[in-house]
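Next come the chains, spelled out residue by residue.
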Amino acid sequence: MEDDRKDGAYGTPQKYDPTFKGPIYNRGCTDVICCVVLLLAIVGYVAVGIIAWTHGDPRKVIYPTDSRGEFCGQKGTKNANKPFLFYFNIVKCASPLVLLEFQCPTPQICVEKCPDRYLTFLNARNSRDFEYYKQFCVPGFQNNKGVAEVLRDGDCPAVLTPSKPLARRCFPAIHAHKGVLMVGNETTYEDGLGSRKNITELVEGAKKANGVLEARQLAMRIFEDYTVSWYWIVIGLVIAMVMSLLFIILLRFLAGIMVWVMIVMVILVLGYGIFHCYMEYSRLRGEAGSDVSLVDLGFQTDLRVYLHLRQTWMAFMIILSILEVVIILLLIFLRKRILIAIALIKEASRAVGYVMCSLLYPLVTFFLLCLCIAYWASTAVFLSTSNEAVYKIFDDASCSLAGKTCNPETFPSSNESRLCPNARCQFAFYGGESGYHRALLGLQIFNAFMFFWLANFVLALGQVTLAGAFASYYWALRKPDDLPAFPLFSAFGRALRYHTGSLAFGALILAIVQIIRVMLEYLDQRLKAAENKFAKFLMTCLKCCFWCLEKFIKFLNRNAYIMIAIYGTNFCTSARNAFFLLMRNIIRVAVLDKVTDFLFLLGKLLIVGSVGILAFFFFTHRIRIVQDTAPPLNYYWVPILTVIVGSYLIAHGFFSVYGMCVDTLFLCFLEDLERNDGSAERPYFMSSTLKKLLNKTNKKLAES
């Protein structure tokens, strides 16, 4: 049982090489073409960023824009003192046209403050309130038209309602009073021509505003909670970091105990399940209706009905019995491989202890990923805001020219204005007709593709670096005396100097699959409204296939990077050798993978659960820490959730290093078995525990 497969179906086992003493130092550059392509792509990516930063204007995202395409509240403009956007008729914002044009089909102006009272144009026109009302009319409005002409031309709003600013936009301050919807103190409003309507018509245009207003208040309260609890949140995260480190250290001593205890618990739980099913089956004997078969009963929406049938409990008992037998048989035949997996996990804990700086490397990966995300996000924002202002014709009535582009300066005297007297030339969105604007979609796709490529490259660099450091540990015959002085830094230098092209190659393959998945998700969103069932089925199959393909490529890349770190071969050769090596030991791979997955899950649950419970008791004032109590909070769940999420990320960072260590030692272990035989010339490099499990010994080395 030393090898799961010994035939030549999956390549030829490695032969003994007297010069091989671990990660090869005298190596050459691999996949140079991919390295050059990556550098050229980065140069192109920088060029796209420069172009985007030259044409883009992030103010279009930050500041609202009025009907003339001018920013509200932007310093240095005539609207510098008018930071809020006011909609003449908020009801029209509920029109489906908003989803198509991303702009409400109603005049919009910048104002100093939102309306704080209820007024109609008809009532305010000849009263002292008109000066107040006039500030919500278009700039330069002169009261020299009739009421109908003013409302037709969109010079003033028909009605003002009490509003509150939200995201620099004025939305009606709708609230409920004794079950009645009100704006201010009103339950109805006038349309400006003396006709009163129920306030529920305003809800269609502003119901989302109230939800967002509450969200804003919620955000402010959450921010306040962070300002008073950040100190304790940091302490909680430090506790999670210490617990993660202790768990990795304790795995050296407790890995075997935890695995076998869990296996025994699973067997006992299944046994109790079988016993419980038998007791329920016996209890229902002779009970009226319990002998009805599942087929005769058919499908019932209330699933509890099935629990009153003896056949249900018989089926449960058979299923659990089969699972029990399968697990016991697996334990009998795979006991040795489980012991090997436990020994490798213990050895990984020792390796991490000798290369402690490896636990800090996830910070480097995190920093580089933050740079990639920041560059991608900023470039995406600048690209999306590099369009020019596009004006279109809006008309409440039916007009054949509605939706056509127009020029606001020449529109009043244009032929379109005469054909559609009630139409307005209004800012619609940002776009353009030039070649650059037509290429924006392609540039955004290139931006997303480069983000995936660079992010995968950063992750690959981390995996090769850690693999090189831990491989140096395994192939040191006398540990830790033969371990290099700075294994992590040496591995990092080798990866960048010799294997940038190979890392780029692996990252490129993964990025292509990921960008295809993104495009499939986009197409799936577009096809959701379609009724073509075949298209939906095909899209679901494609998404499933590419998801599986991405998982397989990640697995293959991870092991290929380990082989690159050890032997310095190119990506394709490393991927092939790693795949064949794993296939020759497929059962060991499966056992080790499941055992490590279980231990990592147990560790994450232990760390996150312990820190989360501690945070819950502290922030709910149920315990004190060194005579200190938790600060008063609006929502105690804010720091608790932050600590829980942060603890999970910290534990995941520690365990990612540990998982890479286990995978590296496992491949080295398989190579060790194939290369060496324990003789003085070909000694095993594995630990004494592994040699004892496999009944292997090293003969006494010849005196040098």
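A quick note: this is a predicted structure, and the numbers were derived from the prediction, not measured.

Participant: Just to check I follow, could you spell out the overall build of the protein for this structure?
Facilitator: Looking only at helices and strands, one finds 20 helices and 12 strands in the protein. Per-residue burial over the protein gives 44% buried out of 704 residues. The long-range share in the protein, meaning contacts at least 24 apart out of those at least 6 apart in sequence, stands at 71%. Looking at the protein as shown, the accessible area adds up to about 37500 Å², and 65% of this sits on carbon and sulfur atoms.

Participant: Hey, could you run me through the pairing of strand 5 (residues 163-166) in this one?
Facilitator: Along any regular strand the residues' side chains alternate between the sheet's two faces. Across four bridges, the pairing between strand 5 and strand 6 (residues 169-172) is antiparallel. Looking at the pairing, serine 163 lines up with proline 172 of strand 6. Linkage of strand 5 to strand 6, two consecutive antiparallel strands, is achieved through a turn of two residues, within which alanine 167 is found at a positive phi near 55°.

Participant: Please explain the packing of helix 13 (residues 440-474) against helix 19 (residues 637-675) as it appears in this structure.
Facilitator: Pairs of packed helices are described in terms of their axes, by the angle between the two and the distance that separates them. Where helix 13 contacts helix 19, the two axes come as close as 9 Å, and the packing angle between them is 50°. Between helix 13 and helix 19, the crossing angle belongs to the class labelled oblique. The chirality of how helix 13 crosses helix 19 is right-handed. Along the contact surface, helix 13 presents Gln463, Leu466, Ala467, Phe470, Ala471, Tyr473 and Tyr474, while helix 19 presents Val657, Met660, Cys661, Thr664, Leu665, Cys668, Phe669 and Asp672.

Participant: Whenever I open this one, the nonpolar core confuses me. Can you help?
Facilitator: The nonpolar side chains of a soluble globular protein tend to be buried with one another. Core analysis: the biggest nonpolar cluster contains 106 residues, and Trp453, Leu599, Tyr658 and Phe669 have the highest contact counts within it. Aside from chain neighbours lying at most four places away, what touches leucine 599 is Phe247, Leu251, Ala255, Met258, Val259 and Ile345. Of all hydrophobic cores here, the second largest spans 19 residues; its members include Ile109, Phe121, Tyr132 and Phe141.

Participant: Please clarify how the packing of helix 1 (residues 32-55) against helix 15 (residues 500-527) should be interpreted in this entry.
Facilitator: Put simply, helix 1 and helix 15 touch, their axes get as near as 7 Å, and they point 70° apart. Between helix 1 and helix 15, the crossing angle belongs to the class labelled roughly perpendicular. For the pair helix 1 and helix 15, contact is made by Cys34, Cys35 and Leu38 and by Thr500, Gly501, Ala504 and Phe505, respectively. Here the contact of helix 1 with helix 15 is built from residues that sort into five nonpolar, two polar and no charged.

Participant: Got a minute to help me understand the state of the cysteines in this structure?
Facilitator: By definition, a disulfide links the sulfur atoms of two cysteines through a covalent bond. Tallied over the full model, the rule gives three disulfides. Disulfide pairing is shown between cysteine 72 and cysteine 110; the S-S distance is 1.9 Å. Note on the cysteine 72 and cysteine 110 pair: the S-S dihedral is about -75°, so by sign convention the disulfide is left-handed. Of this pair, cysteine 72 sits in the loop between helix 2 (59-62) and strand 1 (84-87) while cysteine 110 sits in strand 2 (residues 108-111), and the two are 38 residues apart along the sequence. When sorted by exposure, cysteine 72 lands in the same class as cysteine 110, which is buried. Cysteine 572 supplies the cysteine sulfur nearest to cysteine 34, a cysteine that is in no disulfide, at a spacing of 8.2 Å. By relative accessible area, cysteine 34 is classed as buried at 18%. Among the cysteines around cysteine 541, which has no disulfide bond, cysteine 545 carries the closest sulfur, lying 6.4 Å off.

Participant: Hey, could you run me through the packing of aromatic side chains in this one?
Facilitator: Geometrically, a pair of aromatic rings is defined through the distance of the ring centres and the angle of the planes. In total, this model carries 29 aromatic pairs according to the counting rule given. Judged by centre distance (5.9 Å) and plane angle (50°), the rings of phenylalanine 449 and tryptophan 453 are tilted. You can see phenylalanine 449 and its partner tryptophan 453 sitting in helix 13, four residues apart, about one turn around the helix. Relative to phenylalanine 571, the ring of phenylalanine 505 has its centre 5.3 Å away and its plane inclined at 55°; by these criteria the two rings are tilted. With phenylalanine 505 in helix 15 and phenylalanine 571 in helix 17 (residues 571-583), this pair connects stretches of sequence that are 66 residues apart. One aromatic cluster is present, formed by Tyr45, Trp53, Tyr375, Phe382 and Phe446 through successive ring pairs. For the cation-ring pair, arginine 117 lies above tyrosine 132, with the distance from its terminal atom to the ring centre recorded as 3.7 Å. When the ring centre of tyrosine 281 is taken as reference, the NZ or CZ atom of arginine 310 above it lies at 3.9 Å.

Rules of the game
Chains are numbered independently. Their residues run from 1 in the order of the written sequence. Totals for whole chains, interfaces and linings use all residues, but because this is a predicted model, local features are given only for residues with pLDDT of at least 70 and pairs of side-chain atoms are given and counted only at 80 or more. Calculation of side-chain values draws on the structure's entire complement of heavy atoms; hydrogens and water are dropped beforehand. Comment: elements are numbered from the N terminus, with helices defined as DSSP H or I runs of at least four residues and strands as E runs of at least two. Only protein chains enter the accessibility calculation, which uses a 1.4 Å probe; a residue whose area is less than 20% of its type maximum is buried, one above 50% is exposed, and one in between is partly exposed. In this analysis, two residues are considered to be in contact whenever any of their non-hydrogen atoms come within 4.5 Å of each other. Per-residue accessibility takes into account occlusion by the displayed protein chains alone, with areas from the Shrake-Rupley method and a 1.4 Å probe. Pairing between strands requires that DSSP locate at least two bridges from one strand to the other. Geometry is summarised by axes, namely lines fitted to C-alpha atoms with helices restricted to the contacting stretch, and by angles between N-to-C directions that run from 0 to 180 degrees. Small angles under 35 degrees read as roughly parallel and large ones over 145 as roughly antiparallel, with 65 to 115 read as roughly perpendicular and the rest as oblique. Crossing chirality is assigned from the near helix's rotation relative to the far helix, an anticlockwise turn below a right angle marking it left-handed and a clockwise turn marking it right-handed. To form a nonpolar core, buried Ala, Val, Leu, Ile, Met, Phe, Trp, Tyr and Cys residues must be joined to one another through side-chain atoms within 4.5 Å. Each residue is assigned to one class: nonpolar for Ala, Val, Leu, Ile, Met, Phe, Trp, Tyr, Cys and Pro, charged for Asp, Glu, Lys and Arg, and polar for all the others, Gly among them. When two cysteine sulfur atoms are found within 2.5 Å, that pair is recorded as a disulfide. In this scheme Phe, Tyr and Trp rings, the latter by its six-membered ring, pair at centre separations within 6.5 Å, and the angle between planes marks the pair as stacked below 30 degrees, edge-to-face above 60, and tilted otherwise. We count a charge as sitting over a ring when the NZ of a lysine or the CZ of an arginine lies within 6 Å of the ring centre and within 35 degrees of the ring normal.

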